[in-house]
Amino acid sequence: MNPLRISLLLLITTFLNAGISAQTSLFVPRNIRKAYEKGTRSWDGKPGARYWQNRADYVISASLDPKSHRLSGEETITYFNNSPDTLKMIRIKLQHDRYRKGAGRAGDVTAGDVTDEGVRIDWVKYNGAPVEEKQRRRFTTFMDIQVKENPVLPGSSVSVQVKWSYTLPAGEDAARECVCDSSSFFVPYWYPQVAVYDDLNGWASFPYTGLQEFYNDFSNYDVTITMPAGFQVWATGEWQNAADILADTWYQRWKKAQTSTEVISIFSEKELRAGGVYKTRQPNAFRFRATDVPDFAFGTSDHYNWDAVSTVVDDRTGRRTFVSAAYMSSSTDYPQVARIGADAIRLMSTYLPGYPFPYPVMTVFNGNDGMEFPMMCNDVSTAPGSPMTLTVHEISHTYFPFMMGINEQDYAWMDEGWAAFFDVLISDSLSSHQLGRPRPYSAVAGTEDDVPPMVRSRNLGTAYRNAAYQRPQNAYFTLLDHLGYEKFHNCMTAYMDRWKGKHPAPFDFFQTWNEVSGENLDWFWRSWFFDWGYPDLALQGVVRDEAANCQVVVIGRNGNIPTPVQLKVEYSDGTSDNFHHTAGIWKDGKQNLKIRIPQGKSVKKATLGAVTIPDVTPADNTWEAGR
Ligand SMILES: [Zn+2]
């Protein structure tokens, strides 16, 4: 082959490659690349012209027996197939089957909570006709319903009806859900729910093991929960029939709290025990409706206190969010929670992420965990400590993974990293800098447990937490420092405008921020999300630059993960200076940085670092003259 032909071939190959993996220098897995080729996603970071996602309407009627802990329900799911594919089966999630004998689990469960049958299915109907047992396949936490004879055609909808029941896990190891005391319950992951069928992988196939949290489509819910006399229900969605259930005094308080900027006690344990809060001494059916939410959870008790307050979340329209705390009297931190929740929601709407809070209600329920659901949190009491960081963290999940429909089975860092970032900055701001500390990434950075976040979350065990929380949280701090608040906020707003109510995946995020920031940030994404490694800057020393007639502080980059340079220099004359460079100073691969000291000054001590800058060897971050 002559040289000319070789270079022509090279040109053609380069051109073709550019067409395939256009506009990113990052590694794109083959399954993900297909979505861009098919046009469901787009290299400019926007949803593609052919983007689609499926959805459902749920009408659920359920009741819980507080004595036996038996939860029973009947539901109708109307499932809309917006995909271009003909679906020959419908995959239903039965997440309580995590407690079925033989199920795979990421963590321990209490032996007494494990049952042979898991979720009991009394019957299933498809478009009104009974579905025989042989048409259903139970495996892990799924039930596949075969509908080959009458498939779900593109652009059509079908109905699935299920009658089911199971016993709530009451053991110590029950996480995210609880029999919180003898007559208080938090109930998530509870109803038969259609799994996600998406443009990236088809039917979601990863079971609920208790570690990874959510991946759900956006759906509408109309849910009625029936409880014995004296119980209250708090749930995802807006309460439809308060006037039918609460006696007038308490109904008026509930009405008033909808627009009150001061916390109002809707009722106390004492009032509940005295009786009269409810109109009748009969069981009550609580009805809730929610639109375009990815899940539904509820909590119930006959003796929890209920505080509520409201805050404006959109100054343009005056739209408000109604914020509640429901708690046991022994939780001495909980009287602060409604106030913290409302103040945090206000800051989330105006500061970070700086996007109007999407939900009309938010309830923090005193449970056994720190766990978010749309419009609901299951938060353990943190007394005698402050409930602030936990409250802020769980509420902030409203944005990721709920408003932005993140797939946490694969990309938990796309939501936990953000919640861990918001909880620091918002707690810091609400507490006059008393609370809000970054999670310690440095201790694990660069070890075998520091797996790059781009490894799917489903493939992680002990490395899950660091990859989902610590490392991305530190990455987002680094990014905020590099872009500055205004540019960072513009990127965030554009990302949310593009992908709210949808399912963004990593390259949609990377490409949107690249485009909106006007800067190719691939150097940053690669180091923080794709590569093994660690952050480590070091003070190499102070030398004299004869030509410039001044001292120079030399900073070495000993680790590959780029972090900002924050340098404090104290001079022998008692004065000092601070020098700052964002992580961008390292983007071209330089190994050290020389910082010139003003002429005539002599360095006594130099110190590198800040609380938001991870560094695996803090011991080499100081330099002192004569030592
Ligand atoms: Zn979280």
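Parameters at a glance
- Each residue is numbered by its place in its chain's sequence as written, counting from 1.
- The predicted origin of the model limits local features to residues at a pLDDT of at least 70 and limits the giving and counting of side-chain atom pairs to 80 or more, whereas totals for whole chains, interfaces and linings rest on all residues.
- To get the side-chain values, take all heavy atoms of the structure and skip hydrogens and water.
- Here, two cysteine sulfur atoms that lie within 2.5 Å of each other are counted as a disulfide.
- Burial here depends on accessible area, computed with a 1.4 Å probe over protein chains only, as a share of the maximum for the residue type. Under 20% is buried, over 50% is exposed, and the range in between is partly exposed.
- Under the DSSP-based scheme used, a helix requires at least four consecutive residues in state H or I and a strand at least two consecutive residues in state E, with every element numbered from the N terminus.
- Paired strands, as defined in this entry, are two strands with at least two bridges between them according to DSSP.
- A fitted line through C-alpha atoms serves as each axis, taken over the contacting stretch for helices, and the angle formed by two N-to-C directions is quoted from 0 to 180°.
- Only buried residues count toward a nonpolar core, which is a set of Ala, Val, Leu, Ile, Met, Phe, Trp, Tyr and Cys residues joined through side-chain atoms within 4.5 Å.
- Contacts are assigned to residue pairs with any non-hydrogen atoms lying within 4.5 Å of each other.
- Stacked, tilted and edge-to-face are the three classes assigned to paired rings of Phe, Tyr and Trp, where Trp is represented by its six-membered ring and a pair needs centres within 6.5 Å; plane angles under 30 degrees give stacked, over 60 edge-to-face, the rest tilted.
- Ring-over charges, as used throughout, are those where CZ of Arg or NZ of Lys falls within 6 Å of the ring centre and within 35 degrees of the ring normal.

Engineer: Please explain the state of the cysteines as it appears in this structure.
Structural biologist: What is meant by a disulfide is a covalent connection between two cysteines, made through their sulfur atoms. Tallying each qualifying case throughout the model produces one disulfide. Paired through a disulfide, C178 and C180 show a sulfur-sulfur distance of 2.1 Å. For the disulfide bridge between C178 and C180, the dihedral angle about the S-S bond is near 70°, and by the sign convention the bridge is right-handed. Of all cysteine sulfurs in the structure, the one in C178 sits closest to C377, which takes part in no disulfide; the separation is 13 Å.

Engineer: What exactly am I supposed to notice about the pairing of strand β14 (residues 219-227) here?
Structural biologist: By the criterion of burial, β14 is predominantly enclosed, with seven of the nine residues buried. Relative to β14, strand β1 (residues 55-65) runs parallel, the two being bridged by eight bridges. By the bridge assignment, A62 is partnered in β14 with I225. Direction of pairing for β14 relative to strand β18 (residues 284-293): antiparallel, over a ladder of eight bridges. In the sheet register, I225 faces β18, and the bridge partner there is F286.

Engineer: Teacher, can you tell me more about the sheet that holds strand β23 (residues 370-373) here?
Structural biologist: Adjacent strands of a sheet form backbone hydrogen bonds with each other and so pair up, either parallel or antiparallel. Pairing is mixed across the open sheet formed by six strands, whose spatial order is β17-β20-β21-β22-β24-β23. Here the strands that pair on one side only, and so sit at the sheet edges, are β17 (264-267) and β23. For this sheet, the mean angle separating the axes of adjacent strands, direction not counted, is 20°. Looking at chain direction, strand β22 (residues 361-366) and strand β24 (residues 376-379) are connected through four bridges and run parallel. What sits directly across from T363, in β24, is M376.

Engineer: Looking at this model, I keep getting lost on the nonpolar core. Mind explaining?
Structural biologist: Counting 164 residues, the largest nonpolar core has W190, W513 and F529 as the members making the most contacts within it. When neighbours within four sequence positions are excluded, W190 is seen to be in contact with I60, A62, L71, W164, Y166, V223, I225, F296, A297 and F298. Counting residues in each nonpolar core, the second largest holds 17 residues, with L537, I555, W586 and A606 among its members.

Engineer: I'm lost on the environment of I555 in this one. Help?
Structural biologist: Here I555 lies in strand β26 (residues 550-557). C-alpha separation for the pair I555 and N459, spaced 96 residues apart in sequence, amounts to 37 Å. Setting aside its immediate chain neighbours within four residues, I555 contacts L537, A538, L539, Q540, V565, L567, W586, Q591, N592, L593, I595 and L608.

Engineer: Could you clarify how one ought to interpret the packing of aromatic side chains in this entry?
Structural biologist: For the structure shown, the criterion picks out 71 aromatic pairs. With a centroid separation of 5.2 Å and an interplanar angle of 75°, the aromatic rings of W190 and Y191 are classed as edge-to-face. Relative accessible area serves as the criterion here: at 2%, Y191 is assigned to the buried category. In this arrangement the basic side chain of R55 is found over the ring face of F80, its NZ or CZ atom lying 4.6 Å from the centre. When the ring centre of F139 is taken as origin, the NZ or CZ atom of R137, which lies over that ring, is 4.1 Å away.

Engineer: Would you take a moment to explain unusual backbone geometry for this structure?
Structural biologist: Keep in mind that most residues, glycine aside, have a negative phi and that most peptide bonds are trans. A cis amide bond links L352 to the next residue, P353, at an omega of 0°. The step from F400 to P401 runs through a cis peptide bond, and the omega angle for that step is 20°. One non-glycine residue with positive phi stands out, namely M375, at about 65°. Structurally, M375 is set in the loop between β23 and β24. The phi torsion at S432 lies on the positive side, around 50°, for a residue other than glycine. Looking at the element boundaries, S432 is found in the loop between α10 (416-430) and α11 (464-499). Its relative accessible area of 52% is what places S432 among the exposed residues.

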